[in-house]
Amino acid sequence: MRTKVFRATCPRRVLWGDPVYLAGDTVDTAANVIKEQSIPESFQAKIILEERHDEEYIDIVMLNVEIYMAREQQLPMYLKNMMFSSQEEIIYPISVSSASYLLDIDGRSAMLRTESNGCWGYGCFLYRGKMLDALILDIGLPETETMESAEQLIAALFENVSLEESKDGRDSGRPCEEKGSASQK
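Points about the sheet that holds strand E10 (residues 100-105)
Strand order in this open sheet of 4 strands is E5-E2-E10-E11, and the pairing throughout is antiparallel. If you trace the sheet from one side to the other, it starts and ends with strand E5 (34-38) and strand E11 (108-113), each paired once. Along the sheet, successive strands turn relative to each other by an average axial angle of 10 degrees, direction set aside. For strand E2 (residues 13-17) and E10, the ladder comprises 4 bridges, and the chain directions are antiparallel. Paired with Val14 across the two strands is Ile105, which belongs to E10. Running at roughly 150 degrees to E11, helix H2 (residues 147-157) makes contact with E10 and E11 of the sheet.

Description of the sheet that holds strand E6 (residues 43-53)
Read across the open sheet, the 7 strands follow the order E9-E12-E13-E7-E6-E1-E14; overall the sheet is antiparallel. The open sheet has two free edges, formed respectively by strand E9 (88-96) and strand E14 (162-164), since each of these has just one partner strand. Averaged over all pairs of adjacent strands, the angle between their axes in this sheet comes to 20 degrees, without regard to strand direction. As judged from the 11 bridges shared by E6 and strand E7 (residues 61-71), these two strands associate in the antiparallel manner. Considered in E7, the bridge of Leu49 is made with Val65. Along the sheet face, H2 touches strand E1 (3-8), E6 and E7 and points at about 165 degrees away from the line of E6.

Thresholds, definitions, all that
Residues numbered from 1 in each chain as written. Predicted model: local features only at pLDDT ≥ 70, side-chain atom pairs only at ≥ 80, totals over all residues. Heavy atoms only, no water. Pairing = 2+ DSSP bridges. Helix = DSSP H or I, 4+ residues; strand = E, 2+ residues; numbered from the N terminus. Axes fitted to C-alpha atoms, helices over the stretch in contact; angles between N-to-C directions. Contact = heavy atoms within 4.5 Å.

It is worth stressing that arrangement in space is one thing and function is another; only the former is reported here.
So, in structure tokens, the structure goes:
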């Protein structure tokens, strides 16, 4: 399976969710279906585009985009699915009930037509106290997407995208599921 790692300018604002819950210029965050987050200026971004086999139907290949936003020195830890034991983890699913979801990065938007409802990923917030340490988006792409169209999507949503060789040996697991301590070896 192919995996590509990109570096990009970290956005200052990220919004995602089912567009049916957007009402004009306001965002209905009460339902936890639309999430909007400001990103600290000190954060950097890495994006992983990965082909994965469906867990249930092994012959189906799915595309997944993981967007990691954190301080530069902490990114390698998050790419290895680790977090500090002192961090609080809050996960919001990307729930779809209108067969599409919106991804907006600093005002550059993409409407992803899923052709089905359900959970298409999640946003993982890592906090220490009230301070955001990291935001990790794990996004499933519709079956109609290809590796090439996904790369074009990344280039359209983010600024200064460059392909970077993966040197950190990260696993193909999902971020935030394993709660290893950063002090573990």
